[in-house]
Amino acid sequence: MRYADLHCDALTAAAPGTSFLHRTTSQVSLEKLVGGDCLLQCFALFTPPAQDFARSEAVKTAGKRSAAGDGRARNSRSQPDPPGGAGIGAEKSGAGGPVEKISGKEKTGERGETGAPVWRRAQRCLSAFLAAEGELSAAGIRPVLTVENGGVLEGELSRLDALERAGVKLFGFTWNEENELGFPCGRPGGLKPFGKRVAEELLSRGIYPDVSHLSDEGFFEVAEIASAFRVPFAASHSLARSVCPHRRNLTDEQIKAVADGGGLIGVNFVREFIGKAGIFAHVVHLWKTGGEDVLAVGSDFDGTDRPLYAGADEMPRFFEDLARAGLPASVLEKLAFRNALRLLS
Ligand SMILES: [Zn+2]
């Protein structure tokens, strides 16, 4: 079964002078994408929250760039969970955490790059993505750039120009921390005035808002703005909260709102979001609540340490499991690639 995936973090591991497509330790590599029969892969441009950069700088300044120093920085990143929900879970945690990657970047020196650290990192990811496009296309895989964490704009709307030129199709407002655009899942508060401006700008440029990671209040503000523009929006990597009560998952009302707008929900392989009920229960619930046209894949490969399926080359097993559990072939095809292609091709 060919498939399209709305979210992976392979690009986060990109380092200057090397291709992120050939890292043997990645859950998404060219070899694994080909092995999994991938048709379209979204690559998220992820920039860690600004405070992580500050922390990383502090570690560097203190001369603690040893493994132990990096470890302390990484550990200091785990914040207490906000009240009213289960923990964020294992997205981008542990050895693959953003601070470690920033430390790795600092060691390279980054000569010749100018500007703020967040935007420098974004440009590095953009270059890595553009450099990999040809190789992916030659292998029959369509690469699509997305943004996870609208903090990359650092309050500058004009940065959308460069992102649009690079072909960004999905744009997530927040990661797990508050930023200039608004508040993340599990927190009170929705979009800030800048977040609303960004939403309108995205929709007028034909870039789909991505509400995964956004607060509930922010979700419904995006839904309202998207509805006024008559443009779909997506939750690129989220599951159902009534199946597993995790704040990163969507309520039934939210599932219906994405579906009503003609959007997509990407089924995610993070074990903490799946819970005891299993992935099939989420797929069926999303299908029964939002209809078959809302279903998509949003693996979160390389954004979590132990995804339910180990990497892109295991995607055939995921589809076999769904078929064996009784998902009709026509619905399976929509989940695997047909719905995603409706928005992304
Ligand atoms: Zn994420």
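This text follows the structure it describes.
The structure reproduced in this document is the subject of the present report. (Residues numbered from 1 in each chain as written. Predicted model: local features only at pLDDT ≥ 70, side-chain atom pairs only at ≥ 80, totals over all residues.)

1. Structural notes on the overall build of the chain
Where we set the bar: Numbering goes from the N terminus for both helices and strands, where a helix is a DSSP run of H or I of at least four residues and a strand is a run of E of at least two. Burial in this document is a count-based property: other C-beta atoms within 10 Å of a residue's C-beta are tallied, and the residue is buried at 20 or more, exposed at 12 or fewer, or partly exposed in between, with C-beta positions derived from the backbone.
The helix and strand tally for the chain stands at 13 helices and 8 strands. Put simply, the chain has 345 residues, and 52% of those count as buried.

2. What about the nonpolar core?
Stated formally: For our purposes the nonpolar core covers buried Ala, Val, Leu, Ile, Met, Phe, Trp, Tyr and Cys residues that link as a set through C-beta atoms within 7 Å. Residues are scored as being in contact if the C-beta atoms we place from backbone atoms lie within 7 Å.
Among the nonpolar cores identified, the biggest contains 95 residues, and Leu11, Leu45, Val222, Val258, Ile265 and Ala296 are the most heavily contacted of them. Tallying contributions element by element places helix 5 (residues 117–138) first for this core, with 8 residues. If we ignore the near neighbours within four places in the chain, the residues touching Leu45 are Leu11, Ala122, Cys125, Leu126, Leu145, Thr146, Val147 and Val152.

3. Considering the pairing of strand 7 (residues 264–267)
Where we set the bar: With the strands pointing away from the viewer, any crossover whose connection runs clockwise from the first strand over the helix to the second is right-handed. Strands are treated as partners if at least two bridges between them are detected by DSSP.
A two-sided burial pattern is seen for strand 7, the buried positions comprising Leu264 and Gly266 on one face and Ile265 and Val267 on the other. Each parallel crossover has a hand, and for strand 6 (residues 234–235) linked through helix 9 (residues 252–260) to strand 7 it is right-handed. Inspection of the sheet shows strand 7 paired to strand 8 (residues 295–297) by 3 bridges, in the parallel sense. If you follow Ile265 over to strand 8, its bridge partner there is Leu295.

4. Structural notes on helix 9
Helical periodicity: at 3.6 residues per turn, an α-helix aligns residues three or four positions apart in one direction. Of all the residues in helix 9, the buried ones are Gln254, Ile255, Ala257, Val258 and Ala259. Buried positions along helix 9 lie against helix 8 (216–229), strand 6, strand 7 and helix 11 (279–290). Looking at the residues trailing helix 9, positive phi occurs at Gly262, about 80 degrees.

5. Looking at helix 12 (residues 315–324)
Note the cut-off: Each direction from the helix axis to a C-beta atom contributes to the arc, which is the arc of those directions.
Burial in helix 12 covers these residues: Met315, Phe318, Phe319 and Leu322. What you see down the axis of helix 12 is that its buried residues fit within an arc of 90 degrees, all on one side. For helix 12, exposure combined with an orientation more than 90 degrees from the buried face picks out Arg317, Glu320 and Arg324. Looking at the buried positions of helix 12, the neighbouring elements they touch are strand 1 (3–5), helix 1 (30–36), helix 11 and helix 13 (329–344).

6. So, the environment of Arg23
Inspection of the secondary structure puts Arg23 in the loop between strand 1 and helix 1. Each C-alpha atom, one on Arg23 and one on Ala13, is 8.9 Å from the other, the two residues being 10 residues apart in sequence. Those residues in contact with Arg23 that sit more than four places away from it in its chain are Ala13 and Ser29.

7. Some thoughts on the environment of Thr251
For Thr251, the position within the fold is in the loop between strand 6 and helix 9. Sequence-wise, Thr251 and Asp216 are 35 residues apart; in three dimensions their C-alpha atoms are separated by 8.9 Å.

8. With respect to the packing of helix 7 (residues 193–205) against helix 8
Where we set the bar: The angle between two axes is taken between their N-to-C directions and runs from 0 to 180 degrees, where each axis is a line fitted to C-alpha atoms and a helix contributes only its stretch in contact. Rotating anticlockwise by less than a right angle from the far helix to the near helix defines a left-handed crossing, while the corresponding clockwise rotation defines a right-handed one. In this classification, the charged set is Asp, Glu, Lys and Arg, the nonpolar set is Ala, Val, Leu, Ile, Met, Phe, Trp, Tyr, Cys and Pro, and all remaining amino acids, among them Gly, are polar.
Helix 8 packs onto helix 7 with a crossing angle of 35 degrees between their chain directions and a minimal axis gap of 10 Å. Our pair here, helix 7 against helix 8, has a crossing hand that is right-handed. Along its contact with helix 7, which presents Lys196, Ala199, Glu200 and Leu203, the element helix 8 presents Glu221, Val222, Ile225, Ala226 and Phe229. In the contact of helix 7 with helix 8, the residues fall into 6 nonpolar, no polar and 3 charged.

9. Quick look at the pairing of strand 3 (residues 142–148)
Looking along a regular strand, one sees the side chains alternate between the two faces of the sheet. For strand 3, the buried fraction is high: 6 of the 7 residues fall into the buried class. Pairing of strand 2 (residues 38–46) with strand 3 involves 7 bridges; the strand directions are parallel. When the sheet's bridge partners are listed, Leu40 is paired in strand 3 with Arg142. Here strand 3 runs beside strand 4 (residues 170–172); their pairing, made up of 2 bridges, is parallel. Across the sheet, residue Thr146 finds its bridge partner in strand 4, namely Leu170.

10. What about unusual backbone geometry?
Unlike most non-glycine residues, Asn149 shows phi in positive territory, near 90 degrees. On the secondary structure map, Asn149 appears in the loop between strand 3 and helix 6 (159–165). Overall, the presence of 26 C-beta atoms within 10 Å leaves Asn149 in the buried class. Of note in the backbone geometry, His213 takes a positive phi value of approximately 85 degrees without being a glycine. Within the secondary structure, His213 sits in the loop between strand 5 (208–210) and helix 8. Given 27 C-beta atoms within 10 Å, His213 falls into the buried group.

11. Digging into the environment of Arg248
Counting through the fold element by element, Arg248 comes out in the loop between strand 6 and helix 9. Residue classification places Arg248 among the buried positions, given that 26 C-beta atoms sit within 10 Å.

12. Focus: the packing of helix 9 against helix 11
At a minimum axis separation of 9 Å, helix 9 and helix 11 run at an interaxial angle of 60 degrees. Note on packing geometry: the crossing formed by helix 9 with helix 11 is right-handed. Of the residues in helix 11, those touching helix 9 at Asp252, Ile255, Lys256, Val258 and Ala259 are Leu286, Thr289 and Gly290.

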